[in-house]
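Observations on chain architecture
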Amino acid sequence: MTKHHRSETRTYDLHITKNGVVWRVDVKTWADPQGIAERMREDPEGCAGLIVVIPEHLGGYTGVLARVLGRYGARVMTDLSLIGEVRAA
């Protein structure tokens, strides 16, 4: 069962809180930069602080996705990078 969380305007997949740090995570199993950017343009204010996570095997797309989505205030990382960041917090 998938549970979606909602910020003021955007639904996202996972909410993590550890040691006062909060991650709002939107998981993508595809890495179509244009498709993802078009979805983000629908609600640019809701993207601020959002972390878009793609599978490690699509990690080659993180750079282009970060360039496209960074203008909306979103970060992009792979699933393994997110796990490492949460563990380090």
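Look up a bit, the structure's there.
First, a word on scope: everything that follows refers to the structure included in this document. Only a predicted model underlies this, so the values are computations on that prediction, with no experimental measurement involved. (Residues numbered from 1 in each chain as written. Predicted model: local features only at pLDDT ≥ 70, side-chain atom pairs only at ≥ 80, totals over all residues. Heavy atoms only, no water.)

Our next topic: the sheet that holds strand β4 (residues 21-27). The 4 strands lie next to each other as β3-β4-β5-β6, forming an open sheet whose pairing is mixed. Each edge of the sheet is formed by a strand with only one pairing partner; in this case those strands are β3 (14-18) and β6 (75-78). If you compare each strand with its neighbour and ignore which way they point, the axes differ by 35° on average. Sheet analysis places β4 next to strand β5 (residues 50-54), joined by 4 bridges and oriented parallel. Residue pairing across strands places R24 opposite L50, the latter belonging to β5. Sheet strands in contact with helix α3 (residues 79-88) are β3, β4, β5 and β6, and its direction is about 100° off that of β6. (Pairing = 2+ DSSP bridges. Helix = DSSP H or I, 4+ residues; strand = E, 2+ residues; numbered from the N terminus. Axes fitted to C-alpha atoms, helices over the stretch in contact; angles between N-to-C directions. Contact = heavy atoms within 4.5 Å.)

When we look at burial in helix α1 (residues 33-41), the residues that qualify are P33, G35, I36, A37 and M40. In this fold, the buried residues of α1 make contact with β5 and α2 (62-69). (Buried < 20%, exposed > 50% of the residue type's maximum accessible area, 1.4 Å probe, protein only.)

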